[in-house]
Amino acid sequence: MNWNRLTTLILLILTFSFVQKINGQQYKSAIRGTIKDEESQMPLPGVTVVLLNTDPLKAVATDPYGNFRLENVPVGKHAIRVSFIGYETVTIPNLTVVSGKELLVNVAMIEEIDQIEAVEVIAEKPADQLNNEMSTVSARTLSMEQATRYSGSLQDPSRMAQNFAGVSGASDNRNDIIIRGNSPLGVLWRMEGVDIPSPNHFSTLGTTGGPISMLNVNNLANSDFMTSAWSADYGNALSGVFDLQMRPGNSHSREYVGQLGFNGFELGAEGPFKKGGKGSYLINGRYSTLGVMSALGWNLGVGTAVPEYRDLNFKLDLPTEKAGRFSVWGILGNSNVEFEATPEVDSTNLFNDNDQESKFKSGTIITGAKWLKFLSDKTYISWSGAYSRAQTKGTSTRVNFKTDKRTLLLELDQIQAKVSNHLKLNSKIDKKNTLSTGLILDNYFVDILDSGLARAADSIIPNDIYVVISDNQGHGLLQQGYLNWKHRFSKKVTLTSGLHEQWFQLTNNVAVEPRVGLSFQPNAQHKLSLGLGVHSQLQPIPIYFIEDSLSNFPNQQLGFSKAFHSVIAHDYKITEKLSLKTELYYQRLFGVPVENNPSFFSMLNEGADFGLPEGYNYVNEGEGYNYGAEFTLEKSLSNGFYYLLTTSIFDSRYKGSDGVERNTVFNGRYVVNGLTGKEWQLSEKVNFTLDTRLTHSGGRRFIPIDTAQSRIQMRQVRDLTSIYEEQYQPYFRWDVKIGVQWNGKKVSQKFMLDIQNITNRQNIFLVQYNSDTNELDTTYQRGFFPIILYQIFF
């Protein structure tokens, strides 16, 4: 893709935006949603919902189930005000109404502690208002509208989260979430109340990221993202939590969506099961279009290979009069790719060495159900259950083009399944006190075949030997329990405290983890928050089933990795639309697996690739620490303009079993993100958007190659006297997204061009030794990469 093609695309978009027929008719849609009490989650009937800045004034009241619906709302930007006696009034601005799709807005209202007669308290809903009311610090809500609007995110929640303070990615080719210098292995994914495996295509067992997300933002509701000291209802995580929610389908009318872009060709539908009923369905399917993009000359970072993938997201929502609310949901996906070996080094291939012929495929099934029933107007009980199954199969063969010799490097067929249950009881005791308690059961099942080429360690020029790393089946039960208490001393001071415990049946390890959070808001401009907590996590499940030479499983002696989190934050609301957030934190990690013999290895450096370590001689004697400062300056959308500026300065260190303190591989030391955008209303029906993002961060750490020894041994040899001391050049990327949206009478269309790495910056991905040329080869991350996205809603 060259600049002439890019210019043509931009001119085409601009031309389309101005030649749309304007006939004076005002197109309309609807705003719908549910109003609930934040603590009890009880729907609130009789709440007044007003569409602001309308003449005549348009207002409705919620029905007995807390639902509201504003009809005949003109397309464009709007704001609503939600008010109810005894509750803080909430104003929600910047709601975008389009043709062909109704806007869903759910609101949680806070009950007033101190009733003040004749005084109305009005608060604009902040960007970081959470679904989980027990979280007090280092957390914010990710809006799916943001995931669509922000440049460079590829409509991927993981990549969207990389805009937030303290978060970075491992590379352009994966969406791993690295938080405050921690391994991405420490991230917990949760969906509809149950913990799930990595929701990514081409992922491998035990990791949390991948090249392409299976999550469809058209199906997701606003979801919580936490980076430290989360509440006691979350466990088995060290670095962060992504708590996802699926939205229900439209129970009033049928809607459809079509999409064509980087994430594939997509079709979706939602609507009521029957007219006038309360139940609804929501389903979206995607099929990869990367083959078309590759044929057009796009550099996908996979050389000549063409990845293929398919996924399906769905939710069925079934409310009843007396038995409670039921829902069934699922995420299904599979993917495959084949790499051919080539004599020449392909610098555009980020996934495979040139002399390797590789075939990989993966499949993931995650399906679940949820039930929620109110026992009273202040107490509810809920159950969430799920079955998940992830499988990865692959082979890799080295081809020697001089001798035509083919050497099998690895063969794997790994299956990990899990049956999950989460039972929760939540009770709002009174205006000041809320209690919640729950039990989580995750039963893991594995069937692993993993074999590969190893090298004898006692010769200078080693002989290749092929070994079976693991060939067995097994299972293990992880049981978790928790208790949360939230106490509002006053409108200014709130305390959340809790206790989490977990027990792993396979190793018989127990962890007890206290958590506490405190927030103090002396006035409307300032808020101070504090969070402290102990957190524990299993090792990746496949680690427990690695066999030694005697067919034993030494890693089943491993306990939990643990971390102590401490964080203090200050929120400063400079103006109604502009805020500055500062966070200072310290994390101490202990009980981390390291090798029994003295070495630099630590599990803290794993997780940002397509495999896991294959050793069996690990002990829980490693440690590490992270500390840093984060700053977020955010202007919410007003007058069509917004920006988000984040800066993170941190240090991430660890000790292996050799006792030497070193940088972790994720210790980039700093991350700076700048994101801004502008929207122009060209007419009543046409909207033009421009969004841009700059990222600058410390380079990836690596172990340098000993070139002299590599040439002598004719294989890559690392210089182990300089482990993670050096960094590649700093990472820099500039993305730009332009878009046009047209609203018809019953159809809206959106065309976007997302240009990633517009300066074609050559960020280093990897430097490795080439035994054919006896030289070092450099592979660069994705260069100039334009992505086209077309959406239609009807």
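Before any of the text, the structure's been laid out above.
Procedures and definitions
Residues numbered from 1 in each chain as written. Predicted model: local features only at pLDDT ≥ 70, side-chain atom pairs only at ≥ 80, totals over all residues. Heavy atoms only, no water. Pairing = 2+ DSSP bridges. Helix = DSSP H or I, 4+ residues; strand = E, 2+ residues; numbered from the N terminus. Axes fitted to C-alpha atoms, helices over the stretch in contact; angles between N-to-C directions. Phe/Tyr/Trp six-rings, centres within 6.5 Å; stacked < 30°, edge-to-face > 60°. Buried < 20%, exposed > 50% of the residue type's maximum accessible area, 1.4 Å probe, protein only. Lys NZ or Arg CZ within 6 Å of the ring centre and 35° of its normal. Contact = heavy atoms within 4.5 Å. 1 Å grid on protein atoms, 1.4 Å probe; cavity = no way out; pocket = protein on both sides within 12 Å on 5 of 7 lines; lining within 4 Å. Points joined across faces, edges and corners; volume = space filled by probe spheres on them. Nonpolar A, V, L, I, M, F, W, Y, C, P; charged D, E, K, R; others polar. Salt bridge = Lys/Arg side-chain N within 4 Å of Asp/Glu carboxyl O. Core = buried A, V, L, I, M, F, W, Y, C linked by side-chain atoms within 4.5 Å.

> Lay out the sheet that holds strand β17 (residues 223-226) with the relevant residues and their values.
Within a sheet, each strand pairs with its neighbour through backbone hydrogen bonds, oriented either parallel or antiparallel. On the basis of which strands lie adjacent, the open sheet formed by 5 strands has the order β10-β17-β18-β13-β14 and mixed pairing. Two strands lie at the open edges of the sheet, namely β10 (139-142) and β14 (194-196), each paired on one side alone. Taken pair by pair, the neighbouring strands of this sheet meet at an average axis angle of 25°, ignoring direction. As defined by bridge partners, strand β13 (residues 187-191) adjoins strand β18 (residues 240-244) across 5 bridges and the pair is classed as parallel. Note on β18: the bridge partner recorded for V187 is G240.

> Give me the packing of aromatic side chains: which residues, what numbers.
Enumeration according to the criterion identifies 15 aromatic pairs in this entry. With centroids separated by 5.7 Å and ring planes inclined at 35°, the aromatic side chains of F84 and Y87 adopt a geometry described as tilted. Looking at F84, the relative accessible area reads 26%, which means it is partly exposed. Here Y87 falls in the buried class, since its relative accessible area comes to 13%. Put simply, the rings of F164, W189, F225 and F242 pair up and form one aromatic cluster. A cation sits over an aromatic face here: R180 above Y585, 4.2 Å from the ring centre. Positioned above the aromatic ring of Y27, the side-chain terminus of K685 is 5.0 Å from the ring centre.

> So, the pairing of strand β41 (residues 731-743): which residues are in play, and what are the values?
Here β41 lies mainly inside the structure; 11 of its 13 residues are buried. Pairing between strand β38 (residues 686-697) and β41: 12 bridges, direction antiparallel. Opposite F688, over in β41, you have V740 as the bridge partner. In this structure, the hairpin formed by β41 and strand β42 (residues 748-756) is closed by a connection of 4 residues.

> With reference to specific residues and values, describe the side chain of S722.
Along the chain, S722 turns up in the loop between α5 (707-713) and β40 (726-727). The exposure class of S722 is buried, given its relative accessible area of 8%. If we skip the residues at most four places from it in the chain, S722 touches F702, I703 and P704.

> I'd like to hear about empty space enclosed by the protein, residue by residue, with values.
Once rolled over the atoms, a probe with the size of a water molecule shows which space is left empty. Inspection of every chain in the model, using the stated rule, returns 6 cavities of 30 Å³ or more. Volume-wise, the largest cavity comes out at about 660 Å³. Only β13, β14, β24 (356-374), β25 (379-400), β26 (405-428) and β33 (578-595) provide two or more residues apiece to the lining of the largest cavity. Among the elements that line the lining of the largest cavity, the one with the most residues is β25, at 4 residues. Across the lining of the largest cavity, the residue classes break down as 18 nonpolar, 22 polar and 2 charged. By volume, the second largest cavity amounts to about 130 Å³.

> Which residues make up unusual backbone geometry, and what values go with them?
The bulk of non-glycine residues show a negative phi, and the bulk of peptide bonds are trans. Residues D55 and P56 are joined by a peptide bond in cis, for which omega reads 5°. The residue P56 is located in the loop between β2 (48-51) and β3 (58-61) in this model. One non-glycine residue, N72, lies in positive phi territory at about 55°. Looking at where N72 falls in the secondary structure, it is placed in strand β4 (residues 67-74). Overall, N72 belongs to the partly exposed group, its relative accessible area being 46%. Located in the positive-phi region is R669, a residue other than glycine, with phi close to 80°. Examined against the element boundaries, R669 turns out to sit in the loop between β36 (661-663) and β37 (670-681).

> If you had to explain the pattern of salt bridges to someone new, which residues and values would you point to?
Side chains carrying opposite charge are able to pair once their charged atoms draw close together. Under the criterion given, the structure shown has 36 salt bridges. Where E102 meets R69, a salt bridge forms, and the shortest distance between an N and an O atom there is 2.3 Å. You can see E102 sitting in the loop between β6 (89-97) and β7 (103-104) and its partner R69 sitting in strand β4, a full 33 residues away along the chain. Exposure remark for E102: the relative accessible area of 10% places this residue in the buried category. Since its relative accessible area comes to 19%, R69 is described here as buried. Across the pair D172 and R733 runs a salt bridge whose closest N-O atoms are separated by 3.2 Å. Taken together, the residues span a long stretch of sequence, with D172 in the loop between β11 (167-168) and β12 (178-179) and R733 in strand β41 at a distance of 561 residues. Under the relative-accessibility criterion, D172 is labelled buried at 5%.

> Pulling in residues and values, what's your account of the nonpolar core?
Counting residues in each nonpolar core, the largest one holds 34 residues, and the members touching the most others are F504, L538, I541, I543, Y544 and M603. Of all the elements in the fold, those that place two or more residues in this core are β27 (433-455), β28 (464-488) and β33. Counting residues per element, this core draws most heavily on β27, which supplies 3 residues. Beyond its immediate stretch of four places on either side in the chain, L538 contacts N236, Y444, L478, F504, Y544 and F560.

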